Amino acid sequence: MQKIIPGLVWYRPFEPFAYAFIRFCTGAILMVHGVDRLFYRGSVADFGASFGHPPVSAIGAFELVGGAMIALGLLTRPIALLSGLEWFVIALAVPLKPGSSWFMLGATPHYPSIITAMCLAFVLRGGGYYSLDRLLGKEF
Amino acid sequence: MIDEAGTVDESRLIIPQLAGIYRQAASFGYVVLRVVIALVFLPAGIDKMFLGGAAGVAGAIAKLGFAPPLVWAWIVAGLEFFGAILLALGLFTRPVAFAFAVELTVIAVGIMAPRGGFFWTSGGAEVALLLEAAMIGFVFGGGGRYSVDRLIGREF
């Protein structure tokens, strides 16, 4: 790959970290939800009635531990698949307020759908080079 | 080179039978991320570009202190429309992703955090932060294997 501006070649060493960076940040954001559900005012209201009423501590624990595992790349594919399913259910359950558009950011099904799609990408790729999966030498 | 599709080694897989699927799938992870994140912005771009949305956001932009607001509104409109298309195609990936990262910083800090704190259920900043994390990743990684950047063999 030729650089259009040759002087920008200095950021080539960052290239290999791109995927791991996105995976880490996504996992970290998912963890925040787990912390919120476990220790603060977080509820499972965003699931609607899709599972009946799942226990908030179980969902919170999954989000906290699962988010950490995605961030570190441990059992990346199965955990990302579960997280993707979780946020897909949330996307289906979130009510669309009258007057708000599905496409607009905010408290619409848009955001859970983005997370679902990102988790799907993690299922496709797995942990990648900078992950505990790779370090342990075993992965799903 | 960007970490996109490492070798898939059967002996490392807990279920070795999946190796064939993984060989097919692994190289698509990054491009799925890039295209999905890009297309998130296209509806907002179309709205601002063609449906009068640019004038609508000028008020919010003025409140942030960017002057003149209407010019910035059209810059944002152009970024969200043309930038989304370029990013989805993977053409000029890095500068486009960088522009989005800057925009999303302003949105997260200036608009979403004051409005709704962190959580998306109250319209908070995590939405912009997640997208921004992905954009910074694209600034690192560039277009990757399936991109117009790679096709023409030149990139920023």
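This text goes with the structure placed above it.
An account of the accompanying structure is given in this report.

Residues and elements named next belong to chain A. Tracing the backbone through its elements, the reader meets Gly34 in helix α1 (residues 18–39). Take Gly34: there are 20 C-beta atoms within 10 Å of it, and that puts it in the buried class. Counting along the chain gives 24 residues from Gly34 to Ala58, while the straight-line C-alpha distance between them is 9.4 Å. Contact partners of Gly34, with chain neighbours within four places excluded, come to Gly60, Ala61, Glu63, Leu64 and Gly67.

This part is about the interface of chain B and chain A. Taken together, the 43 residues of chain B in the interface contact 42 residues of chain A. At the level of secondary structure, the elements contributing two or more residues to the side of chain B that touches chain A comprise α1 (19–25), α2 (29–50), α6 (126–141) and β1 (154–155) of chain B. A per-element tally of the side of chain B that touches chain A places α6 of chain B first, with 11 residues. Looking at the side of chain B that touches chain A residue by residue, the classes come out as 28 nonpolar, nine polar and six charged. Here two bridges tie strand β1 (residues 2–3) of chain A to β1 of chain B, and the two strands are oriented parallel to one another. Following the sheet pairing, Gln2 of chain A is matched in β1 of chain B by Arg154 of chain B.

About the criteria used
- Residues numbered from 1 in each chain as written.
- Chains lettered and ligands numbered in written order.
- Predicted model: local features only at pLDDT ≥ 70, side-chain atom pairs only at ≥ 80, totals over all residues.
- Helix = DSSP H or I, 4+ residues; strand = E, 2+ residues; numbered from the N terminus.
- Buried ≥ 20, exposed ≤ 12 C-beta atoms within 10 Å, placed from the backbone.
- Contact = placed C-beta atoms within 7 Å.
- Nonpolar A, V, L, I, M, F, W, Y, C, P; charged D, E, K, R; others polar.
- Pairing = 2+ DSSP bridges.

Shape is all these values report; function is a separate question.
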